[in-house]
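Remarks on the overall topology
In case you want the letters, here they are:
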Amino acid sequence: MSQDAVTPRYLPADWPLPEITAANRAFFTAGRLTLQRCRSCAQVQHPPHDICHHCQADTFDYVAASGLGTIDNVTIVHHAGDPRLADRVPYNVVIVTPDDHPDVRIVGNVVGADTVPVEIGAIEIGAPVRCVFTEVPDPDTGETLTLPQWELDQRDVARPVS
Ligand SMILES: [Zn+2]
């Protein structure tokens, strides 16, 4: 499946959407995995911020990433900490390291793999994932957000031996 794949929203429809800022707009609206890069020192950082965490400069470019990554950490949430999540548990939260930006960590959910309990076990540290997107209209602005999410990916199986 391509990086352009669109999935249904993973969390409930009334779950809050991110507040869009100048710094995070590209990440949440580009429709492909897009990361913030400092114009001064070229450090790529996430989450996007007003200031470079490496050199404190405040001007940035936004660079497209491959959308391929690896699960760095995973939690399966069984207790609904908010009433809006009561019908959603158990759900997963993952931290993904993009293959082409190994210093970056991105929090999200693996979609499409936890409707059957046995499949939750497939969401494990080291599993390859691929970025997909959930399109959601922002009720405040009417803008379409493209929320980056993750799908388990089998590319290691298909990768040719080099
Ligand atoms: Zn910098």
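Before reading further, recall that the structure is shown in the block above.
Residues numbered from 1 in each chain as written. Predicted model: local features only at pLDDT ≥ 70, side-chain atom pairs only at ≥ 80, totals over all residues.

Comments concerning the overall build of the protein
Keep this limit in mind: Starting at the N terminus, helices and strands are each numbered in turn, a helix being any DSSP run of H or I of at least four residues and a strand any DSSP run of E of at least two. A residue is called partly exposed when the number of other C-beta atoms within 10 Å of its own lies between 12 and 20, exposed at 12 or fewer, and buried at 20 or more, with C-beta atoms placed from the backbone.
Looking only at helices and strands, the protein features 3 helices and 8 strands. Going from the N terminus to the C terminus, the protein shows its helices and strands as α-β-β-β-β-β-β-α-β-β-α. Across the 162 residues in the protein, those meeting the buried criterion constitute 21%.

Notes on the pairing of strand β8 (residues 144-152)
Here is the rule: Pairing between two strands requires that DSSP report at least two bridges joining them.
For strand β7 (residues 128-137) and β8, the ladder comprises 9 bridges, and the chain directions are antiparallel. Along β8, the bridge assignment pairs P137 with T144. The antiparallel hairpin formed by β7 and β8 contains 6 residues in its connecting segment, where G142 sits at a positive phi of about 80 degrees.

Here's the deal with the sheet that holds strand β3 (residues 60-64)
Pairing in this open sheet of 3 strands is antiparallel, and the strands run β2-β1-β3 from one edge to the other. In the strand order of this sheet, the two ends are held by β2 (44-45) and β3, each with one partner. Of the pairings in the sheet, the one linking strand β1 (residues 34-38) to β2 comprises 2 bridges and is antiparallel in character. For Q36, the partnering residue across the bridge sits in β2 and is Q45.

Quick word on the sheet that holds β7
The test is simple: For helices, the fitted line uses only the C-alpha atoms of the stretch in contact; every axis is such a line through C-alpha atoms, and the angle between N-to-C directions lies from 0 to 180 degrees.
The strand order across the open sheet formed by 5 strands is β6-β5-β4-β7-β8, and the pairing between neighbours is antiparallel. Looking along the sheet, the strands with just one partner apiece sit at the ends: β6 (106-108) and β8. If you compare each strand with its neighbour and ignore which way they point, the axes differ by 35 degrees on average. One ladder, built from 3 bridges, connects strand β4 (residues 68-77) with β7; its direction is antiparallel.

Section: the environment of P139
The residue P139 is located in the loop between β7 and β8 in this model. Residue class for P139 comes out exposed when judged on the 8 C-beta atoms lying within 10 Å of it. Residues P139 and L17, spaced 122 residues apart in sequence, show a C-alpha to C-alpha distance of 9.2 Å.

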